Amino acid sequence: MNYKNPSLSIAERVSDLLSHMTVEEKLAQMGAQWLILDPTGEHKERELEMTSENVERTVKEKLKYGLGQISRPLGTHTVDAVNGVKALNQLQKYLVEETRLGIPAMAHEECLVGLMAKGGTLYPSSLNYGHTWNPELIEEAAMDIGRQARMIGTKQGLAPVLDVSRDVRWGRTEETLGEDPYLVGIMATHYVKGLQGEKRDLLATLKHFVGHSASEGARNHAPVNLGFKELNDTFLLPFEMAVKLANAGSVMPAYHDIDGEPCHASHFLLTEILREKWGFDGLIVADYGGIDLLSSHHSIAEDRAGAAALSFNAGLDVELPDDACSTKLTEALQRGLISMEKIDEIVARILSKKFEMRLFENPYTDVPQASLHNEKSQEIAYKVASESIVLLKNQDQTLPLKTDKKVALIGATADDQLALLGGYSFPVHLILSQEDSTDKVSKTLLEAFQQRFDSVMYAKGCDILTERHANAPVFPGDVDMAIGQAAESPISKDLSQIEAAVATAAESDVAVVCVGDLAGLFQTGTVGEGSDCDSLALPGVQQQMLDAVLDTGKPVVVLVTGGRPYNLGRAEDEAAAIVLGWAPGQAGADAIADTFTGKNNPSGKLTISIPKNVGAVPYFYNHKLKSAGTPIAYHFGSSFNFGHGLSYSEFAYSGFNVASDKLGFEDTVELSVTLTNTGGVDGAEVVQLYTRDVVSSVVRPVKELKGFKKVFLKAGESKTVTFKLPVDMLNLTDRHHQRVVEGGEFDLMIGSSSSQIHFRQRIHVVGDVKVLPEAWRMVCEVTAE
């Protein structure tokens, strides 16, 4: 069998292997299995099934013809890395030695906020990544996540998320990088580069393709109603960047439909755009249960065979997490719904990736000799958490606090380690699996403050949830209308602990009130996948608690953690300071406490605007002029806009210069500004470049981010920040669905946020219209010297 000869080309090996395969063996490569693996080879079926129809097959029967992928072998139950790898090796041994053709399987894991397995580093949330505005740092974090994933035999990581935030009520806001497509594209591109490495021996998975965050009412799985221009300019752009700039190895379609066409059945998206237009050469893998939904929810297929045929004909390669639909392709073949040629084309792509990764030569993973998490991991996680903290308000320089202050630490999130973690972190995921764990995974805020301040008094003040449990009736979507709509919210309404919190605050010099949410998937929390909300008020009675502490007259610092921004009521005016920590991970408590003492100078900037009122959503800075209607309502807009974030230092902008205000289509706009740290402490500022198309053939946003640079300056230091903006980046999608640059006038703006613009200049692009080539220039180079 020539396919086992590594000296032959991949094409030759694929062709030979295909010639030996039966239909059943081919279909086995197009599916996966979600098993509880055992080091002795006694693998078990897991109880959770993604679909409503169970097919009774033993594990041996499921593996008989081989296997495309193994779903999250370490990520969905508690197993240490050593035993997890031994179990994975036992599965591979069976596939290599006991199936007819000996084709090894690829293992995939979740890795958005660190490798989702016991002992993996609990990195900050994706929302934190965005708020650093530091792509190189996120690439470094992704490299470490990739190192840990490789240690346990992972060949594909289900990250990053490139959904562009549009409505912060959406539960998956915590997984996004922000509301600007260019920022998302740059940050995600660096994440992909870090995770995959130069060899691309671990495939990053871009998700959720595409427009998932633009759902009706910010509801999970809800339809998306977008025209192609908006889809292309806002939602497709980050994916295009990650495919073309980072050579992303995999893409995952989203659950929803766009204008009636489900993404899992879209030949236009998966084949015409992704493969044919962009040249994507990787694997397209289904979101869990996504194929089945084509029949069970979307009702565009009569059964699983029809659903499978629709999806694989559209461009899908592998069903995840199991083979509930891919095994039905034998029936689809008989009914003429799919051809053998199409199946061969798909299987050839899957085998090519396995040969490229040298899985046939190296099917087994070395048993880890060291822990997944190490000192370097901790350093990077701390740095990401530190750089993502946003100082929203700091009246009379309340922060930093002196360590001899008597601090009252109040709130439901103050002494809860899970309050610092995102929904796709391992300990939070265990809630969904109904596994209770008391393992110490993170320092709490209370512990971190007690280590730094001489006197810390604590009062919980209230609970957020009365209970946390799995099996909320929304997995993987609204099935059978949620048990007759009778489900009751577990959000606490108990006011009884507020009096003690007020008494604690009264004894202090300053009250630090810790508020926010708890990540948890499918309503096991107040934010996360399937945990959408109908309000931007703090969950439960946290606002009443906060107001009661404000009434004491003591200085109040509000610390908000979690996966979305909230309206803070009176506190936005009355609090002495407001700090946003998001979901900062296992090093987050230290990062936040160090920020409160001044050891860390906050440098995070908002990547999602905070709407004034839930009635203003969806709100984002890069809206159209008429988004607010006319006249503009009082509740519209944002008090804290995209790009905003304070520092313990101050920065001055001067010496703005544009090299030329008249350019051709092939030119690059060169502009510079001098940035000076005029404060007394070292710090960092994010210099931001925005543009506006003055007159265009289609309606354009009022402002668009086109370049940014996080600049670290010592006290008194100055640097010149230079932007090189290709004219290509001034593009739009026209009525012919092409990316074009139209000649005419453009406003350039340099700011410290989208609403704090320091310099403006208008430039003129000479010419009529340029249709961009597929290899258009999509990155603004920025230097600081």
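Residues numbered from 1 in each chain as written. Predicted model: local features only at pLDDT ≥ 70, side-chain atom pairs only at ≥ 80, totals over all residues. Heavy atoms only, no water.

Each helix and strand counted, the chain has 21 helices and 29 strands in total. Overall, the C-alpha framework of the chain stretches about 75 × 65 × 50 Å when taken along its three principal axes. Across the 785 residues of the chain, 64% fall into the buried class. The long-range share in the chain, meaning contacts at least 24 apart out of those at least 6 apart in sequence, stands at 79%. For the chain, the distance from the average site of its 73 positive side-chain charges to the average site of its 105 negative ones is 3 Å. (Helix = DSSP H or I, 4+ residues; strand = E, 2+ residues; numbered from the N terminus. Buried < 20%, exposed > 50% of the residue type's maximum accessible area, 1.4 Å probe, protein only. Contact = heavy atoms within 4.5 Å. Lys, Arg positive; Asp, Glu negative; His and termini not counted. Charge placed at Lys NZ, Arg CZ, Asp CG, Glu CD.)

So, on to the environment of Thr 205. With respect to the helices, strands and loops of the structure, Thr 205 is situated in strand β7 (residues 203-209). Between the C-alpha atoms of Thr 205 and Asn 313, which are 108 residues apart in sequence, the distance is 20 Å. For Thr 205, the contacting residues outside a window of four places in its chain are Gln 156, Gly 157, Leu 158, Ala 159, Pro 160, Ser 250, Val 251, Met 252 and Val 285. Here Gln 156 takes part through its side chain, which lies 2.9 Å from a polar atom of the side chain of Thr 205. (Polar contact = N/O pair within 3.5 Å; in protein donor to acceptor, adjacent residues only side chain to side chain.)

Turning next to the sheet that holds strand β16 (residues 556-561). Strand pairing within a sheet occurs via backbone hydrogen bonds; the two strands may be parallel or antiparallel. With respect to topology, six strands assemble into an open sheet ordered β12-β17-β16-β15-β13-β14, the strand pairing being mixed. Looking at which strands have only one partner, the edges of the open sheet turn out to be β12 (390-394) and β14 (455-459). Each strand of the sheet is rotated relative to its neighbour by a mean of 20°, with strand direction disregarded. Looking at chain direction, β16 and strand β17 (residues 577-582) are connected through five bridges and run parallel. Residue pairing across strands places Val 560 opposite Leu 580, the latter belonging to β17. (Pairing = 2+ DSSP bridges. Axes fitted to C-alpha atoms, helices over the stretch in contact; angles between N-to-C directions.)

With that settled, consider the packing of helix α8 (residues 228-246) against helix α9 (residues 267-277). Put simply, α8 and α9 touch, their axes get as near as 12 Å, and they point 55° apart. Classed by the angle they form, the pair α8 and α9 counts as oblique. Along this stretch, α8 crosses α9, giving a crossing that reads as right-handed. For the pair α8 and α9, the contacting residues are Phe 228, Leu 231, Leu 236 and Val 243 in the first and Phe 268, Leu 269, Ile 273 and Leu 274 in the second. Residue composition of the contact of α8 with α9, by class: eight nonpolar, no polar and no charged. (Parallel < 35°, antiparallel > 145°, perpendicular 65-115°, else oblique. Left-handed = near helix turned anticlockwise from the far one by under 90°. Nonpolar A, V, L, I, M, F, W, Y, C, P; charged D, E, K, R; others polar.)

Counting across every chain of the model gives 16 aromatic pairs. Seen in terms of ring centroids, Phe 355 and Phe 360 are 4.3 Å apart; in terms of plane orientation they differ by 15°. Their pairing is stacked. Judged by its relative accessible area of 3%, Phe 355 is buried. Taken together, a centroid distance of 4.4 Å and an interplanar angle of 10° make the contact between Tyr 621 and Phe 642 stacked. (Phe/Tyr/Trp six-rings, centres within 6.5 Å; stacked < 30°, edge-to-face > 60°.)

Right, let's talk about the pattern of salt bridges for a bit. Counted under the stated rule, the structure contains 46 salt bridges. In this structure, Asp 590 and Lys 443 form a salt bridge, with 3.0 Å as the shortest nitrogen-oxygen distance. Here Lys 443 lies in the loop between α15 (426-432) and α16 (445-450) and Asp 590 lies in helix α21 (residues 588-597), a separation of 147 residues in the sequence. The partner of Arg 700 in a salt bridge is Glu 704, and the shortest N-O contact between them spans 3.1 Å. (Salt bridge = Lys/Arg side-chain N within 4 Å of Asp/Glu carboxyl O.)

The subject of this paragraph is the pairing of strand β25 (residues 718-726). Across nine bridges, the pairing between strand β22 (residues 668-677) and β25 is antiparallel. Bridged to Thr 674 within β25 is Thr 720. Looking at chain direction, β25 and strand β29 (residues 781-784) are connected through four bridges and run antiparallel. Counted as the bridge partner of Phe 723 is Val 782 from β29.

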